[in-house]
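Here are the chains, one letter per residue:
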Amino acid sequence: MNKIKDYLENLDTKNLIMLYLSILILFFIMGYFIYQKIIFPKKQQLINQEISLIKKIREVKSNNYEVIKLKKIYKNKKLKINSLREDLNYLNALIYSVPKININKKRYLNIIDNYLQIGSSLNASFKFNQTKKIDKYNIYISGKFLPEEYFIFVKFLKILQNPKAIVTINNLDLNYKKYINYDINLSIWSIKWKRY
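Note that the structure is a prediction, hence the values are computed from the model and not measured. (Residues numbered from 1 in each chain as written. Predicted model: local features only at pLDDT ≥ 70, side-chain atom pairs only at ≥ 80, totals over all residues. Heavy atoms only, no water.)

Peer 1: Describe the overall build of the protein chain, listing the residues and the values that go with them.
Peer 2: Check the secondary structure of the protein chain and you find four helices and four strands. Moving toward the C terminus, one meets the helices and strands of the protein chain in the order α-α-α-β-β-α-β-β. Evaluated residue by residue, the protein chain yields a buried proportion of 17% over its 196 residues. Considering only contacts in the protein chain between residues 6 or more positions apart, those separated by 24 or more positions represent 58%. (Helix = DSSP H or I, 4+ residues; strand = E, 2+ residues; numbered from the N terminus. Buried < 20%, exposed > 50% of the residue type's maximum accessible area, 1.4 Å probe, protein only. Contact = heavy atoms within 4.5 Å.)

Peer 1: Pulling in residues and values, what's your account of the packing of aromatic side chains?
Peer 2: The full count for this structure, using the stated rule, is four aromatic pairs. With 4.7 Å between their ring centres and 20° between their planes, Phe 145 and Phe 153 make a pair best called stacked. In terms of burial, Phe 145 and Phe 153 fall into one category: buried. An aromatic cluster of three or more residues is present, and its members are Phe 145, Phe 153 and Tyr 182. A cation over an aromatic ring shows up here: Lys 144 above the ring of Tyr 179, its NZ or CZ 4.6 Å from the ring centre. (Phe/Tyr/Trp six-rings, centres within 6.5 Å; stacked < 30°, edge-to-face > 60°. Lys NZ or Arg CZ within 6 Å of the ring centre and 35° of its normal.)

Peer 1: Outline the sheet that holds strand β3 (residues 166-176), supporting the account with residue identities and numerical values.
Peer 2: Ordered by their spatial adjacency, four strands build an open sheet running β1-β2-β4-β3, and the pairing between neighbours is antiparallel. Looking at which strands have only one partner, the edges of the open sheet turn out to be β1 (125-130) and β3. Strand-to-strand twist across the sheet, computed as the mean angle between neighbouring axes with direction ignored, equals 10°. In this sheet, strand β4 (residues 180-189) lies alongside β3 in antiparallel orientation, the contact comprising 10 bridges. In the strand pairing of β4, Thr 168 is matched with Ser 187. Against the sheet, helix α3 (residues 105-119) makes contact with β1, β2 (136-145), β3 and β4, and its axis sits at roughly 165° relative to β1, the strand it touches most. In the packing of helix α4 (residues 150-161) onto the sheet, the strands contacted are β1, β2, β3 and β4, and the crossing angle to β4 comes to about 10°. (Pairing = 2+ DSSP bridges. Axes fitted to C-alpha atoms, helices over the stretch in contact; angles between N-to-C directions.)

Peer 1: Give a detailed account of α3, specifying residues and quantitative values.
Peer 2: Helix length check: α3, at 15 residues, gives a terminal C-alpha distance of 20 Å against a target of 21 Å (1.5 Å per residue), a fit within 8%. Within the span of α3, buried status applies to Tyr 108, Ile 111, Ile 112, Tyr 115, Ile 118 and Gly 119. Down the axis of α3, the sector holding all buried residues measures 130°, keeping them to one side. With respect to the buried face of α3, the exposed residues turned more than 90 degrees away are Lys 106, Leu 109 and Gln 117. (Expected span 1.5 Å × (residues − 1). Arc of directions from axis to C-beta.)

If you want it as C-alpha coordinates, here you go:
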(Lines give C-alpha, C1' and ligand atoms only; values in the text may rest on other atoms or scores of the structure.)
Protein backbone atom coordinates (compact mmCIF):
# COMPACT_ATOMS: atom_id res chain seq x y z
CA MET A 1 0.00 0.00 0.00
CA ASN A 2 2.93 2.32 0.78
CA LYS A 3 4.42 1.62 -2.62
CA ILE A 4 1.23 2.78 -4.35
CA LYS A 5 1.13 5.89 -2.15
CA ASP A 6 4.80 6.66 -2.92
CA TYR A 7 4.23 6.05 -6.59
CA LEU A 8 1.27 8.45 -6.69
CA GLU A 9 3.20 11.13 -4.80
CA ASN A 10 6.15 10.93 -7.22
CA LEU A 11 3.96 11.38 -10.31
CA ASP A 12 3.89 14.74 -11.94
CA THR A 13 0.59 16.44 -12.57
CA LYS A 14 0.32 15.35 -16.17
CA ASN A 15 0.86 11.67 -15.40
CA LEU A 16 -1.47 11.91 -12.40
CA ILE A 17 -4.23 13.31 -14.63
CA MET A 18 -3.54 10.54 -17.14
CA LEU A 19 -3.80 7.95 -14.38
CA TYR A 20 -7.13 9.36 -13.11
CA LEU A 21 -8.44 9.51 -16.67
CA SER A 22 -7.38 5.88 -17.26
CA ILE A 23 -9.18 4.80 -14.07
CA LEU A 24 -12.25 6.81 -15.10
CA ILE A 25 -12.18 5.27 -18.60
CA LEU A 26 -11.78 1.82 -17.02
CA PHE A 27 -14.83 2.43 -14.78
CA PHE A 28 -16.76 3.75 -17.77
CA ILE A 29 -15.86 0.63 -19.84
CA MET A 30 -16.78 -1.66 -16.93
CA GLY A 31 -20.03 0.24 -16.38
CA TYR A 32 -20.87 0.03 -20.08
CA PHE A 33 -20.07 -3.70 -20.05
CA ILE A 34 -22.27 -4.26 -16.98
CA TYR A 35 -25.06 -2.19 -18.56
CA GLN A 36 -24.86 -4.07 -21.90
CA LYS A 37 -24.52 -7.58 -20.45
CA ILE A 38 -26.65 -7.41 -17.27
CA ILE A 39 -28.82 -4.29 -16.89
CA PHE A 40 -29.93 -3.80 -20.53
CA PRO A 41 -31.05 -7.43 -21.06
CA LYS A 42 -33.02 -7.32 -17.79
CA LYS A 43 -34.52 -3.99 -18.76
CA GLN A 44 -35.38 -5.35 -22.22
CA GLN A 45 -36.84 -8.47 -20.62
CA LEU A 46 -39.02 -6.31 -18.37
CA ILE A 47 -40.08 -4.20 -21.37
CA ASN A 48 -40.96 -7.38 -23.31
CA GLN A 49 -42.91 -8.71 -20.33
CA GLU A 50 -44.74 -5.40 -20.06
CA ILE A 51 -45.56 -5.45 -23.80
CA SER A 52 -46.75 -9.07 -23.51
CA LEU A 53 -48.86 -8.19 -20.47
CA ILE A 54 -50.39 -5.20 -22.29
CA LYS A 55 -51.22 -7.46 -25.26
CA LYS A 56 -52.84 -10.02 -22.94
CA ILE A 57 -54.84 -7.29 -21.20
CA ARG A 58 -55.99 -6.00 -24.59
CA GLU A 59 -56.92 -9.56 -25.65
CA VAL A 60 -58.86 -10.07 -22.43
CA LYS A 61 -60.64 -6.74 -22.93
CA SER A 62 -61.35 -7.63 -26.54
CA ASN A 63 -62.58 -11.10 -25.53
CA ASN A 64 -64.72 -9.57 -22.78
CA TYR A 65 -66.20 -7.20 -25.34
CA GLU A 66 -66.89 -10.15 -27.69
CA VAL A 67 -68.41 -12.16 -24.82
CA ILE A 68 -70.65 -9.22 -23.87
CA LYS A 69 -71.61 -8.79 -27.53
CA LEU A 70 -72.35 -12.52 -27.93
CA LYS A 71 -74.35 -12.56 -24.69
CA LYS A 72 -76.44 -9.68 -26.00
CA ILE A 73 -77.00 -11.47 -29.33
CA TYR A 74 -77.84 -14.71 -27.47
CA LYS A 75 -80.31 -12.88 -25.21
CA ASN A 76 -82.02 -11.25 -28.23
CA LYS A 77 -82.18 -14.59 -30.09
CA LYS A 78 -83.55 -16.33 -26.99
CA LEU A 79 -86.25 -13.65 -26.62
CA LYS A 80 -87.11 -14.02 -30.31
CA ILE A 81 -87.25 -17.84 -30.03
CA ASN A 82 -89.48 -17.58 -26.94
CA SER A 83 -91.74 -15.14 -28.75
CA LEU A 84 -91.93 -17.43 -31.80
CA ARG A 85 -92.57 -20.44 -29.54
CA GLU A 86 -95.46 -18.60 -27.88
CA ASP A 87 -96.85 -17.70 -31.32
CA LEU A 88 -96.50 -21.31 -32.42
CA ASN A 89 -98.24 -22.60 -29.28
CA TYR A 90 -101.04 -20.10 -29.84
CA LEU A 91 -101.42 -21.17 -33.49
CA ASN A 92 -101.29 -24.85 -32.52
CA ALA A 93 -103.94 -24.28 -29.86
CA LEU A 94 -106.05 -22.42 -32.41
CA ILE A 95 -105.65 -25.24 -34.95
CA TYR A 96 -106.33 -27.83 -32.27
CA SER A 97 -109.61 -26.11 -31.40
CA VAL A 98 -110.89 -26.29 -35.00
CA PRO A 99 -112.84 -29.57 -35.27
CA LYS A 100 -112.61 -29.73 -39.05
CA ILE A 101 -108.83 -30.26 -39.03
CA ASN A 102 -108.37 -32.04 -35.74
CA ILE A 103 -109.97 -35.47 -35.76
CA ASN A 104 -109.41 -37.28 -32.50
CA LYS A 105 -110.32 -40.95 -31.96
CA LYS A 106 -113.74 -40.11 -30.53
CA ARG A 107 -114.72 -37.91 -33.51
CA TYR A 108 -113.34 -40.50 -35.92
CA LEU A 109 -115.49 -43.22 -34.31
CA ASN A 110 -118.59 -40.97 -34.53
CA ILE A 111 -117.94 -40.40 -38.24
CA ILE A 112 -117.47 -44.15 -38.79
CA ASP A 113 -120.68 -44.87 -36.86
CA ASN A 114 -122.64 -42.59 -39.24
CA TYR A 115 -121.00 -44.30 -42.22
CA LEU A 116 -121.89 -47.75 -40.92
CA GLN A 117 -125.54 -46.87 -40.27
CA ILE A 118 -126.34 -45.87 -43.83
CA GLY A 119 -123.80 -48.27 -45.37
CA SER A 120 -125.64 -51.27 -43.93
CA SER A 121 -128.60 -50.54 -46.22
CA LEU A 122 -126.22 -50.69 -49.21
CA ASN A 123 -124.51 -53.99 -48.28
CA ALA A 124 -121.32 -52.05 -47.54
CA SER A 125 -118.22 -53.67 -46.12
CA PHE A 126 -115.50 -51.48 -44.62
CA LYS A 127 -111.76 -51.72 -44.19
CA PHE A 128 -109.90 -49.14 -42.10
CA ASN A 129 -106.30 -48.12 -41.59
CA GLN A 130 -104.41 -45.10 -40.30
CA THR A 131 -101.07 -43.75 -41.48
CA LYS A 132 -98.34 -43.10 -38.90
CA LYS A 133 -96.55 -40.10 -40.39
CA ILE A 134 -99.64 -37.89 -40.48
CA ASP A 135 -103.10 -38.44 -39.10
CA LYS A 136 -104.80 -39.76 -42.20
CA TYR A 137 -107.56 -42.29 -41.83
CA ASN A 138 -108.07 -44.42 -44.95
CA ILE A 139 -111.39 -46.15 -45.46
CA TYR A 140 -112.08 -48.73 -48.17
CA ILE A 141 -115.78 -49.40 -48.80
CA SER A 142 -117.23 -51.94 -51.17
CA GLY A 143 -120.76 -53.26 -51.67
CA LYS A 144 -123.69 -53.51 -54.00
CA PHE A 145 -127.15 -52.07 -54.41
CA LEU A 146 -130.14 -52.42 -56.74
CA PRO A 147 -130.65 -49.75 -59.43
CA GLU A 148 -133.76 -48.47 -57.63
CA GLU A 149 -131.58 -47.81 -54.53
CA TYR A 150 -129.42 -45.35 -56.48
CA PHE A 151 -130.68 -42.31 -54.55
CA ILE A 152 -129.87 -44.06 -51.27
CA PHE A 153 -126.33 -44.51 -52.65
CA VAL A 154 -126.17 -40.78 -53.57
CA LYS A 155 -127.28 -39.95 -50.01
CA PHE A 156 -124.57 -42.30 -48.76
CA LEU A 157 -121.96 -40.42 -50.84
CA LYS A 158 -123.17 -37.12 -49.38
CA ILE A 159 -122.89 -38.52 -45.85
CA LEU A 160 -119.35 -39.72 -46.64
CA GLN A 161 -118.39 -36.13 -47.50
CA ASN A 162 -120.63 -34.47 -44.93
CA PRO A 163 -118.77 -34.65 -41.58
CA LYS A 164 -117.02 -31.54 -40.33
CA ALA A 165 -113.70 -32.92 -41.46
CA ILE A 166 -111.43 -32.82 -44.48
CA VAL A 167 -112.56 -35.80 -46.56
CA THR A 168 -111.16 -36.76 -49.94
CA ILE A 169 -112.65 -39.46 -52.12
CA ASN A 170 -109.57 -40.92 -53.76
CA ASN A 171 -111.36 -43.43 -55.97
CA LEU A 172 -114.95 -44.39 -56.84
CA ASP A 173 -115.77 -47.32 -59.11
CA LEU A 174 -119.26 -48.39 -60.17
CA ASN A 175 -119.99 -51.58 -62.17
CA TYR A 176 -123.49 -52.51 -63.27
CA LYS A 177 -124.58 -56.08 -63.93
CA LYS A 178 -127.58 -57.38 -62.03
CA TYR A 179 -126.57 -55.18 -59.12
CA ILE A 180 -124.50 -52.03 -59.07
CA ASN A 181 -121.19 -52.96 -57.46
CA TYR A 182 -119.18 -50.12 -55.96
CA ASP A 183 -115.72 -49.56 -54.55
CA ILE A 184 -114.90 -46.36 -52.70
CA ASN A 185 -111.51 -45.32 -51.38
CA LEU A 186 -111.60 -42.25 -49.15
CA SER A 187 -109.38 -40.49 -46.62
CA ILE A 188 -110.19 -38.40 -43.58
CA TRP A 189 -107.37 -35.99 -42.82
CA SER A 190 -106.32 -34.55 -39.49
CA ILE A 191 -103.31 -32.75 -38.04
CA LYS A 192 -100.87 -33.97 -35.45
CA TRP A 193 -100.69 -31.39 -32.70
CA LYS A 194 -97.47 -30.81 -30.79
CA ARG A 195 -96.84 -28.39 -27.93
CA TYR A 196 -93.41 -26.74 -28.18
